[in-house]
Every structure is written in C-alpha cells, then in structure tokens.
Amino acid sequence: RKEVEQDPGPFNVPEGATVAFNCTYSNSASQSFFWYRQDCRKEPKLLMSVYSSGNEDGRFTAQLNRASQYISLLIRDSKLSDSATYLCVVNKETGNQFYFGTGTSLTVIP
Amino acid sequence: NAGVMQNPRHLVRRRGQEARLRCSPMKGHSHVYWYRQLPEEGLKFMVYLQKENIIDESGMPKERFSAEFPKEGPSILRIQQVVRGDSAAYFCASSSTRTEAFFGQGTRLTVV
C-alpha cells in the first residue's frame with residue numbers, strides 16, 4: 001500500500017468555484033503534513049502546512065483528520081492562477097522521511 | 001539565504017556517458033532528498049541523505065545510480081552509463097529536522 005494516496009483528477013472547475021482535494025496516508029505514526037503546489041515544469045513549492053486544529057490562509061483551508069488518516073485542502077473562489085498540481089506530503093517522526101502523493105491536477109476555466 | 005541550489009539546470013548526455021547532478025542545500029539544512037520526475041508523472045523518491053550518511057535509498061535503482069552528501073560540498077547524484085530512460089527532471093530538496101522541505105529548481109537531464 002502506498003504511503004500517501006491522492007485522487008489524480010483532473011479537476012476542471014470554473015472561476016469562482018470551490019474545490020476540495022483529499023489525501024489519505026497509511027502510517028498512523030506520521031507527524032507532519034503539508035500541501036505543496038507544482039506548476040508545469042517547475043519545482044514543488046510549499047503551499048501550507050497542515051495542523052491538527054486545521055488552518056486557513058486566505059482562500060485556502062487545510063484540515064487534518066488523524067482518526068481517519070486523511071488530509072484535505074479546500075480552495076474557495078478559484079482563480080485562473082490556481083491551476084496547478086497539488087501534492088499531499090506526509091512526514092514520519094522517525095527518519096524525517098517525506099512521502100509525496102502523486103498529485104491532483106487542477107485546471108480553473110474562465 | 002540562497003535557497004536550494006541545483007546545477008546544472010539542463011544537462012545533455014549521450015548514451016553511455018556519466019551524469020553528475022549537484023545540489024547545495026539551504027543554509028542550516030542537513031537533510032537532502034533526491035526525487036525523479038518523468039514527464040506527466042508524479043515525483044518519485046530516490047534517496048534521502050544526511051551529512052556523510054545515506055538514510056534511505058529504497059527508491060534508487062540498484063545499478064548505475066549513486067548518491068553522496070560529503071561533509072564539505074554539495075550532494076551529488078551520479079548516474080553512470082546513462083540510457084534514454086534516465087531522461088527526466090531530477091529535483092533535490094532539503095530540510096532541517098521535521099520542518100518542511102524546500103526544493104531546488106531541478107536538473108533536466110536529456111539523454112540522446
């Protein structure tokens with residue numbers, strides 16, 4: 001079983017829509033959680049860390065459900081510039097290894 | 001703080017040659033990770049190193065690939081006798097203990 005699993009999409013949504021991505025992780029010992037964004041032919045960049053209490057950054061909200069071992073990302077009022085691949089990332093306490101999901105592709109349509 | 005620096009950005013090698021990819025982590029970071037990304041595919045973990053030690057190389061092909069992170073200098077990913085299937089983007093990331101990882105801009109290897 002993969003450490004991190006994501007729905008690859010693609011998600012095609014109109015401007016202004018709200019879109020949600022989910023990600024599940026297999027190891028209950030995982031300690032740190034992140035969402036990264038990767039634009040075409042560019043390096044992944046940190047979008048936001050995910051905290052147990054949930055956290056919000058502008059139009060982006062991240063949630064963590066430890067009991068069900070899933071992480072979510074909600075994007076409100078989608079912009080054209082949100083089009084990218086969103087990567088779910090999990091870090092285990094021991095070994096400091098990062099595990100990346102394969103990414104979810106989002107295209108925001110005018 | 002210059003961020004994670006990778007060089008070269010683009011590398012062209014003929015089949016059978018060697019490719020050396022370099023990664024200088026962010027200042028203060030002692031953990032380095034290498035990933036490979038084929039066109040239209042996700043990131044594939046290759047190897048995780050701390051200074052002078054390989055921590056996890058479970059994603060490294062058994063032959064032709066090696067990595068090091070010496071006490072002084074950048075981390076090196078070395079591919080010997082390259083084949084066309086090695087053509088990909090190779091990303092390096094660095095982190096300090098249990099913080100987020102930061103990526104370099106990648107090296108795009110093309111084998112002709």
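Residues numbered from 1 in each chain as written. Chains lettered and ligands numbered in written order. Predicted model: local features only at pLDDT ≥ 70, side-chain atom pairs only at ≥ 80, totals over all residues. Heavy atoms only, no water.

Caption draft 1: Spatial organisation of the overall build of chain B. A tally of helices and strands in chain B yields zero helices and eleven strands. Along chain B, helices and strands appear, N-terminal first, in the series β-β-β-β-β-β-β-β-β-β-β. The C-alpha radius of gyration computed for chain B amounts to 13 Å, which stays within 12% of the reference 13 Å derived for 112 residues, consistent with globular compactness. With the C-alpha coordinates aligned to their principal axes, the bounding extent of chain B is approximately 40 × 25 × 25 Å. Looking at chain B residue by residue over its 112 residues, the buried ones come to 45%. Looking at chain B alone, contacts between residues at least 24 apart form 51% of all its contacts between residues at least 6 apart. For chain B, the exposed surface amounts to about 5,800 Å²; the carbon and sulfur share of it is 45%. Computed over 17 positive and 11 negative side-chain charges, the inter-centroid distance for chain B is 6 Å. (Helix = DSSP H or I, 4+ residues; strand = E, 2+ residues; numbered from the N terminus. Rg over C-alpha atoms; globule rule 2.2 N^0.38 Å. Buried < 20%, exposed > 50% of the residue type's maximum accessible area, 1.4 Å probe, protein only. Contact = heavy atoms within 4.5 Å. Areas by Shrake-Rupley, 256 points an atom, 1.4 Å probe, with all protein chains shown as cover. Lys, Arg positive; Asp, Glu negative; His and termini not counted. Charge placed at Lys NZ, Arg CZ, Asp CG, Glu CD.)

Caption draft 2: Here's a closer look at the state of the cysteines. Per the stated rule, a full pass over the model turns up two disulfides over all chains. Linked covalently through their sulfurs, Cys23 of chain A and Cys88 of chain A form a disulfide whose S-S length is 1.9 Å. Because the torsion about its S-S bond is -70 degrees, the bridge between Cys23 of chain A and Cys88 of chain A counts as left-handed. Here Cys23 of chain A is found in strand S3 (residues 19–25), whereas its partner Cys88 of chain A is found in strand S9 (residues 84–92), with 65 residues between them in sequence. On the basis of relative accessibility, which here comes to 0%, the residue Cys88 of chain A falls in the buried class. The residue that forms a disulfide with Cys23 of chain B is Cys92 of chain B, at a sulfur-sulfur distance of 1.7 Å. One disulfide, between Cys23 of chain B and Cys92 of chain B, carries an S-S torsion of -50 degrees and so falls in the left-handed class. Of this pair, Cys23 of chain B sits in strand S3 (residues 19–24) while Cys92 of chain B is found in strand S9 (residues 88–95), placing the two residues 69 residues apart along the sequence. For the pair formed by Cys23 of chain B and Cys92 of chain B, the shared burial category is buried. (Disulfide = S-S within 2.5 Å.)

Caption draft 3: Quick peek at the interface of chain A and chain B. In this complex, chain A contributes 18 residues to the contact, which on the side of chain B involves 21 residues. At the junction of chain A with chain B, the criterion picks out zero salt bridges. Inspection of the chain A/chain B interface yields three residue pairs in polar contact (both at pLDDT 80 or more). Of all elements in the fold, only strand S4 (30–38), strand S5 (45–50) and strand S10 (98–100) of chain A reach the threshold of two or more residues within the side of chain A that touches chain B. Here the side of chain A that touches chain B gets four residues from one element, more than from any other, and that element is S4 of chain A. Split into classes, the residues belonging to the side of chain A that touches chain B amount to seven nonpolar, seven polar and four charged. (Salt bridge = Lys/Arg side-chain N within 4 Å of Asp/Glu carboxyl O. Polar contact = N/O pair within 3.5 Å; in protein donor to acceptor, adjacent residues only side chain to side chain. Nonpolar A, V, L, I, M, F, W, Y, C, P; charged D, E, K, R; others polar.)

Caption draft 4: Quick peek at the side chain of Ser75 of chain B. All names here are of chain B. Counting through the fold element by element, Ser75 comes out in strand S8 (residues 75–79). A distance of 3.0 Å separates polar atoms of two side chains, one belonging to Ser75 and the other to Trp34. Residues in contact with Ser75, not counting those within four places in the same chain, are Leu21, Arg22, Cys23, Val32, Trp34, Leu49, Glu68 and Phe69.

Caption draft 5: Region of interest: the sheet that holds strand S7 (residues 60–65) of chain A. Residues and elements named next belong to chain A. Strands sit in the order S1-S3-S8-S7-S6 across an open sheet of five strands; the sheet is antiparallel. The strands lining the two open edges of the sheet, one partner per strand, are strand S1 (4–6) and strand S6 (55–57). Going from strand to strand, the sheet's axes swing by 20 degrees on average, the running direction of each strand aside. Sheet topology places S6 next to S7; three bridges connect them, and they run antiparallel. (Pairing = 2+ DSSP bridges. Axes fitted to C-alpha atoms, helices over the stretch in contact; angles between N-to-C directions.)

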